[in-house]
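Summary of the model geometry
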Amino acid sequence: MEKLKKKIGSFSFWNWVIASIIFRLILIYFPKNLNLSSRPEVSTPLTSFRRLAEGYWLKQSSMSSYAGSMYHGSPLLLSLLGPLTVKRIEGQPNHLLYSLVSVIADVVSAMLIRATGQNLRLAYLRSLESLDLVKQIDVSEFLFSGDIAALIYLCNPFTIVACVGLSTSPIENMAVILCLYGACSRLIPLAAFGWVIATHLSLYPAILIIPVIFLLGCGPDSPPRKLFLQRHQQKEVLNQLKLPPGFSWGPIIHFAFWAFLWSVYVLVLCGISLKQFGGLWEMFKSTYGFILTVEDLSPNIGVLWYFFAEVFEFFRNFFLIVFHVNILFMILPLSIRLRHRPCYLAFVYVAICSMLKSYPSVGDSALYLGLLGWFVNELADMQFSLFLFCGYVGVSLLSPVMHNLWIWRGTGNANFYFTTAMVYACLQIVLVVEGVSAVLNHDRKLRILITGKP
Amino acid sequence: MVLLQRPHILLLLIGTHQFLQCWIAFGSVNEEGQKQAEFSEELLLKPLPDHKLLAHFHFQSSGPPSTSNGCHHHLFPKAISQLVQKFRIKEMELSFTKGRWNYESWGGFDPLSSSNAKPPGVELWAVFDVPQHHIDASWKNLTHTLSGLFCASINFLESTATYSTPEWSFPPASGNVRYGTLPCEAVCTENLTPWLKLLPCRDKAGIALLLDRPSLYRGFYHSQQLHLTSTGSSSEGIDSGIILEQTLTVVLQPNSEMAIEVHASEKHIQPSWSLSSIFGKQVSGRCVLAKPSSVYLLLDRGLSAANGLTSENFWSNPSFELSANPDRIFLEESSSHSKSLSILYMFQVEKYCESEPFDIGLMWKVPVAWLCQQTPLHASRFLMGSGNERAAIAISLKSTQFTEGFMSANSKDGSCELRVDVFQVVPWYVKVYFHSLRVFVDQQPRAVSDIIEKIHVSPSKDKMSPGVMEVVLKLPCRVNTAALTIEFDKGFLRIDEYLPDANQGFDIPSAIISFPNFHASMVFLEDDSLNKSPLLSKFQEKCPVMSYTEVLLVPLTTPDFSMPYNVITITCTVFALYFGSVLNVLQRSVAEEERFLKAKAAKKTGRLPLLLSKLSAKLRGSGINQN
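Criteria and cut-off values
Residues numbered from 1 in each chain as written. Chains lettered and ligands numbered in written order. Predicted model: local features only at pLDDT ≥ 70, side-chain atom pairs only at ≥ 80, totals over all residues. Heavy atoms only, no water. Helix = DSSP H or I, 4+ residues; strand = E, 2+ residues; numbered from the N terminus. Rg over C-alpha atoms; globule rule 2.2 N^0.38 Å. Buried < 20%, exposed > 50% of the residue type's maximum accessible area, 1.4 Å probe, protein only. Areas by Shrake-Rupley, 256 points an atom, 1.4 Å probe, with all protein chains shown as cover. Contact = heavy atoms within 4.5 Å. Buried area = accessible area lost by both parts, 1.4 Å probe. Salt bridge = Lys/Arg side-chain N within 4 Å of Asp/Glu carboxyl O. Polar contact = N/O pair within 3.5 Å; in protein donor to acceptor, adjacent residues only side chain to side chain. 1 Å grid on protein atoms, 1.4 Å probe; cavity = no way out; pocket = protein on both sides within 12 Å on 5 of 7 lines; lining within 4 Å. Points joined across faces, edges and corners; volume = space filled by probe spheres on them. Nonpolar A, V, L, I, M, F, W, Y, C, P; charged D, E, K, R; others polar. Domains from an automatic or database assignment. Core = buried A, V, L, I, M, F, W, Y, C linked by side-chain atoms within 4.5 Å. Disulfide = S-S within 2.5 Å. Pairing = 2+ DSSP bridges. Axes fitted to C-alpha atoms, helices over the stretch in contact; angles between N-to-C directions. Expected span 1.5 Å × (residues − 1). Phe/Tyr/Trp six-rings, centres within 6.5 Å; stacked < 30°, edge-to-face > 60°. Lys NZ or Arg CZ within 6 Å of the ring centre and 35° of its normal. Parallel < 35°, antiparallel > 145°, perpendicular 65-115°, else oblique. Left-handed = near helix turned anticlockwise from the far one by under 90°.

As a further point, take the overall build of chain A. In terms of regular secondary structure, chain A is built from 21 helices and zero strands. Its C-alpha radius of gyration of 23 Å places chain A within 12% of the 22 Å reference for a compact globule of 454 residues. A principal-axis box enclosing the C-alpha atoms of chain A has dimensions of 75 × 50 × 45 Å. Looking at the 454 residues of chain A, the share that counts as buried comes to 59%. Total accessible area computed for chain A in this model is approximately 18,600 Å², and 69% of it derives from carbon and sulfur atoms.

Right, dumping it as structure tokens:
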């Protein structure tokens, strides 16, 4: 942490941003040698660039883009990005325009993360002030979490690989970040737009509606409301002004209205583009249906592909329900315990989804690792951070090796690769568990500071 | 006596009798007017350039309309006629093939090869005369019936993932056709026996007597076919006859002992053979039910040209000697683009009997070398790429000596084009990216739209339907080589979807390359007696020239087949770990922790509790320590 602070102190934020963009551009100019777009870590059936190009080809030859089991993305993405898959500029790399769109999406995401991070930091300082803890906690030691989060997002090798590997996850991530940014800065239409688009693109961000409701209802992350009340009871003067606002339904109704409007808009657009090919039902079947039934068993960094390749047909439906309900079961306990920290709740949800989703890729990990940067101050006391860092590095080095041994050399077998996926899942579990416990401890610490007793 | 007493009854009886007689007479006339059940047996022998011999057995039975004689059949197999009636088949072809037809040396342009060269394994196509939405159900039932009839696993063609609906590139094209292949089906004598059961004399008499199993299956190529045509349409309720053609094509290596004895010095001489030397049997008379029962010897254009045979001197041939005198000799009708003519020697089996069995032998005197007529372009197909993740299929077309001739013939009109249809079915686990289709002409990449005139694609659906690609290529006549490449990803299957021998790989069925501008037909100059021979009249039909490519073997990645329990338990453990630890973190409250710590402090004895308390202190984090 100290090192990171020093580094950020010595280099300016913008230098890092420019460096990361230049690095991406350099990689884009050598795509042939890297072949990142067909790596299983980068391109899942949902985010693969080649499948997007195939969907566009089918659409161009006046067939439904969902005709085969190739394309499973949104028809809007196809209309927007499809033409870029075939457009070529003489003397330039094949998919230059498409890669540039990915780079722009990454930079926009980073900027939104930065703005949200600054927002969160201000809110945090304000709440400390209202708790009169400013003297006890050295505010000058507070890191600029927005800058850190943006840099983590931009310089993370996972993000770079997902961007250069031409997957669509930079755009999906941007939609999620847009939603959180809109909710934090109370731009309700923008939040609703981000939420609808993110849900439309990859289904799982649908559960972000809970953090968004908390964000809109009671504002960004702050210590538990009970602490404020205790503080004021100690002082025996109830200063209403210093209390954080209670839960208000107004913005939520506003959000619901906008979300409805945007989803109708998106559905109408999809309906128009799929009018002659089976309509919306076809789209839901081959996007959401494909996500939920885990039909494609090609290897990825998750664990479900091997599980469903091996499990007996008889139990398949049972386990499909079990794994998806696993995500849903955690929503309620987490939202009760972390309701005063909606942004952190959103981070935990994103992390859980990227761990349990049917076709995870490194792009999803890049998102939650970027969001992690918002909470550097709260998570300063997190345990096992070195272990986790080493684990992530180790897995991301070993996993391609095992894949190569299994698929290309034929000397290893599927279990080798599955083991790395298993370890990766465990690492993410440790990250979620430790992260949640660190934030709860942080709140506990604040309470001790206020009440003065353990 | 009672009858005599009651004369009117007698009269009535006589009247009835007369009426019955009339009715019967009328019925017989009606029967004679229509086609009778007929059966013919023919055998065609053809020497091949690479010292091999092609034997083509052709049995044809035609069944009369079923309305005229109910369910009774004299010659026609009942099982087949029931099959046709039940599933309302217009046309059907089933072939069992072992080995691969060698287009380069056995030819591909004559009617014999274009209708009898089949892909390895089982190929089945059928045209139904039922409404569109019933076709798939009929197909399913048909596969099961055929699989029972022929002791083969044709029922695997039942699932929608194995058969396809060609739109236009498959020659008997119409909307109601279904096409399926099983490239890995092993063909053996157990498939031949039920096939022989359909013949009226089985293999007990006639030409079928030659079908000696060991010598048949010793051959290089073996293709056993069943072709059904239900002539006329039965949609109006008029049921017309069925024609059942059963053909068996074998390519055998004649035992060259005779040649060695006679011409030991000359190595290049064609091996001499006789029916008894290649099949180990002789024909002792015809099958009594067979109307024409004849054996033909065909010398194709190249061979007759090499022998110097012309329309004048074909009676006296200097280069070879036949052991039996032919009953007739047919000459091919001269065609425009070739000077030499095929010659057909005909032998009638009727003349021979048990005591004097029929045996024909061919003894070569001088070495001859010739080439069979080849398809306009020689097609081959191969896989590109390594590893088990992705690869590419390449179909390459190479010009043969035929194209040169064709080119010189057509070069006057300047812009001459060669049309090639490609029909390719891929199983669903070969996930083809159709946008990656590339065309190379003379090793130069060309724009797809320049060469491909028409393309129809139906992409594969996982476990639902195979991918079908139908392409019409317009190639310039002067083309030397042309290639189509298309990339695919290899799919990953569930463990129970792998075949028992999973590491062997999976087969991609042959692609069909057809040349719709060319028709293979052989018209023999002769009189009306020709019409009676079904084999020769079949030769006269214009059939499109088509060739099958090789079957490709795609190795797919396998999971560990012994792991299901381990994977299930380990994965579930990880999920339980996640669920439990997150819930634990969430429900842990400060008060509980304090109580726990106090209890620990109260009985602070032993090493283990100390360790535990240290651990719990660590778990609580440094928040409390700071305080």
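Picking up where we left off.
Contacts between the two partners involve 59 residues from chain B and, on the opposite side, 68 residues from chain A. Around 5,700 Å² of area is buried between chain B and chain A when both sides are counted, 63% of it from carbon and sulfur atoms. In terms of surface lost to chain A, no three residues of chain B exceed B:F575, B:Y578 and B:L586, which account for 13% of the buried area on that side. The interface formed by chain B and chain A holds four salt bridges in total. A salt bridge links A:R50 to B:E487; its shortest N-O distance comes to 2.8 Å. Where chain B meets chain A, there are 16 residue pairs in polar contact (both at pLDDT 80 or more). Those elements that provide at least two residues to the side of chain B that touches chain A are β18 (430-441), β20 (452-458), β22 (481-490), α16 (564-587), α17 (590-602), α18 (607-620) and α19 (622-626) of chain B.

Moving on, we come to empty space enclosed by the protein. Evaluated as defined, the whole model comprises 18 cavities of 30 Å³ or more. If you go around the largest cavity, you meet 24 residues; those closest to its centre are A:S38, A:S43, A:S298, B:E389 and B:D489. When contributions to the lining of the largest cavity are tallied by element, the ones reaching two or more residues are α4 (49-60) and α20 (385-409) of chain A together with β18 and β22 of chain B. Of the residues in the lining of the largest cavity, the class split is six nonpolar, nine polar and nine charged. In this structure, the second largest cavity encloses a volume near 170 Å³. Contributing to the lining of the second largest cavity are 15 residues, with A:V176, A:P205, A:V350, A:K357 and A:L367 lying nearest its centre. Of all the elements in the fold, those that place two or more residues in the lining of the second largest cavity are α9 (169-184), α18 (342-356) and α19 (362-372) of chain A. If one sorts the elements of the lining of the second largest cavity by residue count, α18(A) sits on top with four residues. Its residues assigned to classes, the lining of the second largest cavity shows nine nonpolar, three polar and three charged.

The next subject is the domain arrangement of chain B. Residue and element names in this part refer to chain B. You can read the domains of chain B as domain 1 (38-258 + 267-364) and domain 2 (377-524 + 535-561). Each partner contributes residues to the interface: domain 1 has 44 residues there, and domain 2 has 42 residues. Summing the contributions of domain 1 and of domain 2, the shared interface buries around 3,700 Å²; its carbon and sulfur component is 71%. When the buried area of domain 1 at its contact with domain 2 is split by residue, F109, P111 and W168 rank highest and sum to 19% of it. Here domain 1 and domain 2 share one salt bridge between them. E245 serves as the salt-bridge partner of K538, at 3.5 Å between the closest nitrogen and oxygen. Linking domain 1 with domain 2 are five residue pairs in polar contact (both at pLDDT 80 or more). With four residues, helix α6 (residues 111-116) is the single largest residue contributor to the side of domain 1 that touches domain 2. Class assignment of the residues belonging to the side of domain 1 that touches domain 2 gives a composition of 22 nonpolar, 11 polar and 11 charged.

Counting 136 residues, the largest nonpolar core has A:F308 and A:L334 as its most contacted members. At 16 residues, helix α21 (residues 414-451) of chain A tops the list of elements feeding residues into this core. With sequence-adjacent residues up to four places away left out, A:L334 is seen in contact with A:R339, A:L345, A:V348, A:Y349, A:I352, A:V436, B:V582 and B:L586. Formed by 83 residues, the second largest nonpolar core is a distinct cluster that contains B:L45, B:L210, B:I278 and B:L322.

Here we come to the state of the cysteines. Residue and element names in this part refer to chain B. Applying the stated criterion across every chain yields a total of one disulfide over all chains. Across a sulfur-sulfur distance of 1.7 Å, C201 and C287 are joined as a disulfide pair. Taking the torsion about the sulfur-sulfur bond, which here is approximately 55 degrees, the covalent link between C201 and C287 counts as right-handed. With C201 in the loop between α8 (189-197) and α9 (213-217) and C287 in the loop between α11 (275-279) and β10 (293-299), this residue pair connects regions lying 86 residues apart in the sequence. For C201, a relative accessible area of 13% corresponds to the buried category. Its relative accessible area of 0% is what places C287 among the buried residues. No disulfide involves C188; its nearest neighbouring cysteine sulfur is the one of C151, lying 12 Å away. Here C353 is not cross-linked by a disulfide; its sulfur's nearest cysteine counterpart is in C287, at 16 Å.

To summarise the sheet geometry, strands pair through backbone hydrogen bonds and adopt either a parallel or an antiparallel arrangement. Residues and elements named next belong to chain B. On the basis of which strands lie adjacent, the open sheet formed by five strands has the order β20-β21-β17-β24-β26 and antiparallel pairing. With partners counted over all chains shown, the strands left at the sheet margins are β20 and β26 (543-548), one partner each. When the angles between neighbouring strand axes are averaged without regard to direction, this sheet yields 20 degrees. With six bridges joining them, β20 and strand β21 (residues 467-476) adopt antiparallel strand pairing. When the bridges of β21 are listed, V457 appears paired with M469.

Time to look at helix α10 (residues 188-202) of chain A. Residues and elements named next belong to chain A. In this model α10 runs 21 Å from its N-terminal to its C-terminal C-alpha over 15 residues, within 8% of the 21 Å that 1.5 Å per residue would give. Most of α10 sits inside the fold, with 12 of its 15 residues counted as buried. Residues of α10 that are buried: I188, A191, A192, G194, W195, V196, I197, A198, T199, H200, L201 and S202. Buried positions along α10 lie against α5 (75-86), α9, α11 (209-218), α13 (250-273), α14 (279-286) and α15 (288-293).

Bringing the packing of aromatic side chains into the picture now. This model, assessed by the stated rule, comprises 54 aromatic pairs over all chains. Pairing A:Y306 with A:F418 gives two aromatic rings, centres 4.8 Å apart and planes at 45 degrees, and the pair type is tilted. Of this pair, A:Y306 sits in helix α16 (residues 304-310) while A:F418 sits in helix α21, placing them 112 residues apart in sequence. For A:Y306, a relative accessible area of 1% corresponds to the buried category. With centroids separated by 6.4 Å and ring planes inclined at 15 degrees, the aromatic side chains of B:F57 and B:F59 adopt a geometry described as stacked. On the basis of relative accessible area, B:F59 is assigned to the buried category, the value being 0%. The structure contains a cluster of three or more aromatic residues connected by ring pairs, namely A:W305, A:Y306, A:W406, A:Y417, A:F418 and B:F492. In this arrangement the basic side chain of A:R114 is found over the ring face of A:F13, its NZ or CZ atom lying 4.2 Å from the centre.

Turning our attention to the sheet that holds strand β11 (residues 320-322) of chain B. Residue and element names in this part refer to chain B. Judged by pairing direction, the sheet is antiparallel, and its three strands sit side by side in the order β9-β14-β11 without closing on themselves. Both outer strands of the open sheet, β9 (273-274) and β11, are each paired with one neighbouring strand and no more. The pairing of β11 with strand β14 (residues 361-364) spans three bridges and is antiparallel. Across the sheet, F320 pairs through a bridge with W364, a residue of β14.

Residue and element names in this part refer to chain B. With 10 of its 11 residues buried, strand β1 (residues 38-48) lies for the most part within the structure. When β1 meets strand β2 (residues 52-63), the two strands line up antiparallel, connected through 11 bridges. Within β2, the position partnered with L44 by the bridge is H56.

For any two helices packed against each other, one specifies the crossing angle of their axes together with the interaxial distance. All names here are of chain A. The geometry of α18 relative to α21 is characterised by a closest axis approach of 10 Å and an angle of 165 degrees between their N-to-C directions. Judged by the angle between their axes, α18 and α21 are roughly antiparallel. Handedness of the crossing formed by α18 with α21: left-handed. Residues Y344, V348, A351, I352, S354 and M355 of α18 lie in contact with α21, whose contacting residues are A425, Q428, I429, V432, G435, V436 and V439. A breakdown of the residues in the contact of α18 with α21 according to their chemical character gives 10 nonpolar, three polar and no charged.

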